[in-house]
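Coordinate analysis (summary)
One letter stands for each residue in the lines below.
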Amino acid sequence: MTRPRAPRRVAARALALLMGCAIPLTSGCARADGLAGLFSTPKPAVSATPTPSPSPAPEVSATPFSVNPLYDFYRDFAGGSRSCSLALSRALYGRNSADALALSLALSAHLVALSGIGASVCRLFASADGRGYSGTVSGAAEGSGGMSPAQDGAYAFTFNYSGGDILMGTFRPEARVDFSTGEYEAKTDGGQAGSLDPSATPAPYEEPVFLAERVCAIEKTAEGWTSTVEENGVISIFSISGGAIEFSAGGIVARLAGETLSLGPAGAVTEATAAP
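On a predicted model such as this, the values are computed, not experimentally measured, just so you know.

Here we come to helix H3 (residues 69–95). Taking 1.5 Å of rise per residue, 27 residues should cover 39 Å, and H3 covers 39 Å from first to last C-alpha, within 8% of that figure. If you look at H3, its biggest bend is around 35°, right at Ser81. Where H3 begins, the side chain of Asn68 points an oxygen toward the backbone nitrogen of Leu70, at a separation of 2.9 Å. Following H3 by one or two positions, Asn96 has its phi on the positive side, about 55°.

Moving on, we come to the layout of surface pockets. Of the voids in this model, the largest pocket is the one considered here, and its volume is about 390 Å³. Forming the walls of the largest pocket are 21 residues, and the residues nearest its centre are Ala109, Ala113, Arg214, Val229 and Glu231. Within the residue set of the lining of the largest pocket, elements represented by two or more residues are helix H4 (98–118), strand S8 (224–231) and strand S9 (234–241). The greatest single-element share of the lining of the largest pocket, amounting to seven residues, is contributed by H4. The residue makeup of the lining of the largest pocket, split by class, is 12 nonpolar, six polar and three charged.

Tracing the backbone through its elements, the reader meets Ala119 in the loop between H4 and strand S1 (125–126). In this structure Ala119 comes out as buried when scored by relative accessible area, which is 18%. For the pair Ala119 and Ala140, spaced 21 residues apart in sequence, the C-alpha separation works out to 6.1 Å. Setting aside residues no more than four positions away along its own chain, Ala119 makes contact with Val137, Ala140 and Ala141.

Across all of its chains, the model carries five salt bridges by this definition. Between Glu231 and Arg214 there is a salt bridge, with the nearest N and O atoms lying 3.2 Å from each other. Of this pair, Glu231 sits in strand S8 while Arg214 is found in strand S7 (residues 210–220), placing the two residues 17 residues apart along the sequence. Judged by relative accessible area, which is 26%, Arg214 ranks as partly exposed. When salt bridges that share partners are traced, they join Arg176, Asp178 and Glu219 into one network.

What follows is about the packing of aromatic side chains. Tallying each qualifying case throughout the model produces nine aromatic pairs. Considering the side-chain rings of Phe159 and Tyr161, the 5.0 Å spacing of their centres and the 75° angle between planes classify their relative orientation as edge-to-face. Phe159 gets classed as buried once you look at its relative accessible area, which sits at 0%. A connected cluster of aromatic rings, assembled from ring pairs, spans Phe73, Tyr74, Phe77, Tyr133, Tyr155, Phe171 and Trp225. Its end group placed over the ring of Trp225, Lys220 keeps NZ or CZ at 5.2 Å from the ring centre.

The element strand S6 (residues 176–184) is extensively covered by neighbouring structure, given that seven of its nine residues are classed as buried. Alignment of strand S5 (residues 166–172) against S6, held across seven bridges, turns out to be antiparallel. By the bridge assignment, Thr170 is partnered in S6 with Asp178. Between the antiparallel neighbours S5 and S6 lie three residues, among them Glu174 with a positive phi of about 65°. When S6 meets S7, the two strands line up antiparallel, connected through nine bridges. Looking at S7, one finds that Val177 is bridged to Ile218.

About the thresholds
- Residues numbered from 1 in each chain as written.
- Predicted model: local features only at pLDDT ≥ 70, side-chain atom pairs only at ≥ 80, totals over all residues.
- Heavy atoms only, no water.
- Helix = DSSP H or I, 4+ residues; strand = E, 2+ residues; numbered from the N terminus.
- Expected span 1.5 Å × (residues − 1).
- Bend = angle between axes of the 7 residues up to and from the residue.
- Polar contact = N/O pair within 3.5 Å; in protein donor to acceptor, adjacent residues only side chain to side chain.
- 1 Å grid on protein atoms, 1.4 Å probe; cavity = no way out; pocket = protein on both sides within 12 Å on 5 of 7 lines; lining within 4 Å.
- Points joined across faces, edges and corners; volume = space filled by probe spheres on them.
- Nonpolar A, V, L, I, M, F, W, Y, C, P; charged D, E, K, R; others polar.
- Buried < 20%, exposed > 50% of the residue type's maximum accessible area, 1.4 Å probe, protein only.
- Contact = heavy atoms within 4.5 Å.
- Salt bridge = Lys/Arg side-chain N within 4 Å of Asp/Glu carboxyl O.
- Phe/Tyr/Trp six-rings, centres within 6.5 Å; stacked < 30°, edge-to-face > 60°.
- Lys NZ or Arg CZ within 6 Å of the ring centre and 35° of its normal.
- Pairing = 2+ DSSP bridges.

Rendered as structure tokens:
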């Protein structure tokens with residue numbers, strides 16, 4: 001029995017159709033990509049963001065700064081006398097006597113008294129007008145003050161401590177500073193204030209009296225330094241002259257020249273070294 005040939009022809013045609021379709025699909029990638037592009041969502045064009053040019057930096061001008069001249073003066077004194085005071089203190093401790101110990105303690109108190117301006121007036125900055133120095137300080141000394149030019153190139157200064165005491169004095173640059181610490185005397189009106197008598201003559205104004213509890217001076221000499229402190233009626237004098245260091249207090253004077261220490265009664269205080 002002979003098989004029919006129609007199914008074989010159908011299979012051959014189907015195979016030919018499949019091969020004909022496969023060829024353009026494998027070789028027509030560009031056509032496929034074009035069709036895909038028709039159905040894809042267009043992307044917006046991205047423009048490059050311009051980089052902003054840096055703005056020029058502002059010019060910084062130096063702030064005028066004026067060093068307090070009293071600060072320079074006191075710093076020179078402290079630096080020039082530190083090693084001398086330490087050498088004298090060591091020599092006094094080595095002497096091991098009541099007078100030597102008393103002088104050593106008095107020397108420490110002397111230098112502490114002089115440091116009053118270092119912690120207060122010396123820390124004032126230049127005023128806005130550039131003529132003087134003023135400001136408020138805190139720390140070792142709390143309060144406010146000012147220093148302004150006086151006559152003959154000198155300065156007058158006042159510092160009001162927050163506790164109520166007042167420090168005032170004068171300074172001649174590169175020469176000498178004098179200052180006192182105390183308070184003003186409380187004044188009464190003498191019965192004139194509030195008087196019901198319209199013909200009563202008011203009392204004339206009187207400058208309040210300053211009651212100094214401590215008076216100090218530091219002077220630059222040709223050969224060194226001389227400082228004076230008067231407190232509670234006791235005067236102490238510390239001087240550096242050439243190669244000699246001398247300190248006197250309570251009627252006793254200690255002199256250190258080289259490595260030789262001598263103790264003895266103090267001589268009369270002269271006008272050149274006396275406290276103002």
